[in-house]
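Coordinate analysis (summary)
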2 protein chains.
Amino acid sequence: MPELIRFAQTLMNVPNIHWIVADDANTTNYDVVDYLTYSSIPHTYLLTPMPEKYKQLSIKPKGVANRNGGLMWVREHATSGVVYFADDDNTYDIRLFQEIRYTERVSMFPVGLVTKAGLSSPVLKNGKFHGWYDGWIAKRKFPVDMAGFAVSVQYLLKMQNAEMPYKAGYEEDGFLRSLKIEPEEIEFKADKCTKIYVWHTQTKKNGPSQRTILQSKYNGTNLRILEKKMMIES
Amino acid sequence: MPELIRFAQTLMNVPNIHWIVADDANTTNYDVVDYLTYSSIPHTYLLTPMPEKYKQLSIKPKGVANRNGGLMWVREHATSGVVYFADDDNTYDIRLFQEIRYTERVSMFPVGLVTKAGLSSPVLKNGKFHGWYDGWIAKRKFPVDMAGFAVSVQYLLKMQNAEMPYKAGYEEDGFLRSLKIEPEEIEFKADKCTKIYVWHTQTKKNGPSQRTILQSKYNGTNLRILEKKMMIES
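All values derive from a computational prediction rather than experimental measurement.

Take the sheet that holds strand β10 (residues 187-188) of chain A next. Residues and elements named next belong to chain A. Judged by pairing direction, the sheet is mixed, and its four strands sit side by side in the order β3-β9-β5-β10 without closing on themselves. Of all the strands in the sheet, the pair left with one neighbour each is β3 (82-84) and β10. Sheet analysis places strand β5 (residues 106-108) next to β10, joined by two bridges and oriented parallel. Bridging from a neighbouring strand, S107 pairs with E187 of β10. On the sheet, helix α7 (residues 171-178) packs against β5 and β9 (149-152) and is oriented at approximately 30° with respect to β9.

If you want it as structure tokens, here you go:
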């Protein structure tokens with residue numbers, strides 16, 4: 001909930017947005033739904049659980065069902081706009097949304113604090129595509145972070161088969177390949193990739209709570225109500 | 001910078017606020033100042049470095065100089081309003097600010113995700129003060145988190161000697177004791193401490209960057225500009 005709320009409060013400052021919240025769950029999380037309603041941000045809540053067969057894998061393709069579910073919703077409901085895959089634990093400067101709003105096909109821009117390299121960005125020389133900077137290049141045509149690109153809805157609708165593969169580590173690469181675009185054709189945003197408007201921040205996980213809150217001495221107090229909220233958060 | 005920006009974007013949704021940014025530094029950070037100016041949030045930027053003598057200690061009283069500096073500014077410039085000590089890595093639901101706005105003397109409320117207990121909160125029974133729930137009680141009269149209380153400016157001005165002690169672990173307790181208030185007199189907010197509107201989230205520190213960005217092959221590219229921003233962030 002804290003990450004959802006913090007991200008929502010960023011989106012509250014962004015005009016003309018539709019937030020697709022794709023939940024990796026089989027059942028509706030009513031705390032999330034209630035908060036989204038309260039937030040007044042135009043939104044759609046989707047249940048997009050990871051298919052069972054991928055849950056068995058040691059390295060799971062996390063977030064693919066969510067993103068493909070979101071793409072399917074866009075294909076059915078949108079005719080214009082720009083799609084951006086936002087994780088709720090990243091940090092977004094609201095200027096990012098103003099930048100990507102004018103994407104014609106596919107745009108890219110730097111992402112801070114990713115991997116040991118500290119940055120993931122296209123490399124430009126004299127304003128033109130020159131290569132990639134990313135902590136993990138491997139055999140990827142597009143070694144970029146999920147937060148480092150955006151796609152126009154109009155272009156997505158033309159690329160009818162574009163989707164994200166269930167292939168851990170190659171989610172971005174596979175999706176961008178399926179968009180049939182070449183690096184030279186990409187629109188480079190954020191002052192030709194010289195500004196950072198998104199950071200791959202991650203929130204520290206707290207260890208499991210000691211649950212001393214369950215002690216009977218707290219019966220009949222406000223802690224019995226707070227306890228339920230803690231269960232949701234942990 | 002990401003934490004400052006994220007917190008600023010929360011404050012952008014809060015009306016009638018004055019943000020005192022107290023920096024633990026001897027020299028102005030112009031990236032911070034430029035961002036504050038851009039943000040349009042009414043603010044004051046203070047340089048409040050930790051005195052040298054405390055820097056020698058193994059357990060440092062972090063943030064005391066900042067908070068006392070902020071209090072001094074408030075005593076000189078404010079006649080009404082409410083003081084709240086906000087760390088930029090915590091997560092604040094904007095409803096918190098609406099709650100504390102009506103503090104007459106000292107208000108308190110639950111803080112989520114603090115210590116192994118998962119929560120820090122006053123314990124209420126039948127709406128009245130009953131005790132404390134906190135991961136670390138020790139010999140504190142007020143075992144509460146820095147994010148768990150607010151003080152009205154009018155009351156602060158009456159308590160002319162109230163300030164925060166340079167005593168690691170006892171910053172909140174010492175400050176609240178200096179306000180000469182008893183637990184029974186505290187105003188309990190957030191639906192009588194049954195709702196969580198602030199969380200003690202912490203951002204994972206990335207390891208030191210590998211600095212492969214310094215390789216000469218990136219000379220003449222956008223990475224030379226991005227590199228400077230990375231230095232600031234690390």
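It is worth spelling out the UniProt feature "binding site: Mn(2+)" (unreviewed entry) in chain A at this point. What UniProt calls "binding site: Mn(2+)" (unreviewed entry) maps, in this numbering, to D89(A). In this structure, D89(A) sits in the loop between β3 and β4 (91-92). Once residues within four sequence positions are removed from consideration, D89(A) is found in contact with E3(A), T201(A), Q202(A), T203(A) and R6(B).

Our focus in this paragraph is the environment of H200(B). Structurally, H200(B) can be placed in the loop between β11 (198-199) and α9 (223-233). Along the chain, H200(B) and Y30(B) lie 170 residues apart, while their C-alpha atoms are 27 Å from each other.

At the junction of the two partners, chain A supplies 60 residues and chain B supplies 60 residues. When chain A packs against chain B, the two sides together hide about 5100 Å² of surface, and 57% of this comes from carbon and sulfur. The largest share of the area that chain A buries against chain B comes from R6(A), Q9(A) and Y133(A), three residues that together contribute 13% of it. At the boundary of chain A with chain B, the tally comes to zero salt bridges. Where chain A touches chain B, the interface holds 18 residue pairs in polar contact (both at pLDDT 80 or more).

Turning our eyes to something else, we now look at the UniProt feature "active site" (unreviewed entry) in chain A. Residue and element names in this part refer to chain A. Sites flagged by UniProt as "active site" (unreviewed entry) map to E172. By secondary structure assignment, the location of E172 is in helix α7. If we ignore the near neighbours within four places in the chain, the residues touching E172 are R140, V144, D145, M146 and F149. Only 3.0 Å separates the side chain of E172 from the backbone nitrogen of M146, close enough to count as a polar contact.

Residue and element names in this part refer to chain A. Under the criterion given, the structure shown has 19 salt bridges over all chains. Between R105 and E185 there is a salt bridge, with the nearest N and O atoms lying 3.8 Å from each other. Within this pair, whereas R105 is found in the loop between α5 (95-100) and β5, its partner E185 is found in the loop between α7 and β10, the two being separated by 80 residues in sequence. Overall, R105 belongs to the partly exposed group, its relative accessible area being 33%. Overlapping salt bridges bring together D134, R140 and E172 as one network.

A separate point is the relation of the copies chain A and chain B. It takes a turn of 180° to lay chain A on chain B, together with a shift of 0.0 Å along the axis; the resulting RMSD is 0.0 Å. What the rotation and shift describe, once combined, is the action of a two-fold rotation axis. Interface residue correspondence from chain A to chain B reaches 100%, placing this contact among same-surface, isologous pairings.

Analysis parameters
- Every chain's residues receive numbers from 1 upward, in the order its sequence appears when written.
- In the order they appear in the text, chains get letters beginning with A and ligands get numbers beginning with 1.
- Selection of residues for local features in this predicted model requires a pLDDT of at least 70, selection of side-chain atom pairs for listing and counting requires 80 or more, and totals for whole chains, interfaces and linings are taken over all residues.
- Side-chain metrics in this entry use all non-hydrogen atoms of the structure; hydrogen atoms and water are not considered.
- In short, DSSP must find at least two bridges between two strands for them to pair.
- Per the convention used, a helix needs a DSSP run of H or I reaching at least four residues, while a strand needs a run of E reaching at least two, with both numbered from the N terminus.
- Residues count as neighbours in contact if any of their non-hydrogen atoms are within 4.5 Å of one another.
- Each axis is a line fitted through C-alpha atoms, taken for helices only over the stretch in contact, and angles between the N-to-C directions span 0 to 180 degrees.
- UniProt positions are given in the numbering used here, feature names are shortened, and annotations may be inferred rather than shown by experiment.
- A simple way to read buried area is as the amount of 1.4 Å-probe accessible surface that goes missing from two parts once joined, with both sides added.
- Salt bridge criterion: a side-chain nitrogen from Lys or Arg within 4 Å of a carboxyl oxygen from Asp or Glu.
- Two N or O atoms count as a polar contact when they lie within 3.5 Å, although within protein this holds only if one can serve as hydrogen donor and the other as acceptor, and sequence-adjacent residues are included solely when both atoms are side-chain atoms.
- Residue exposure (1.4 Å probe, protein chains only): buried if accessible area is under 20% of the type maximum, exposed if over 50%, otherwise partly exposed.
- The atoms used to superpose the copies are C-alpha atoms, taken from residues with pLDDT of at least 70 in both, and the fit is least squares.

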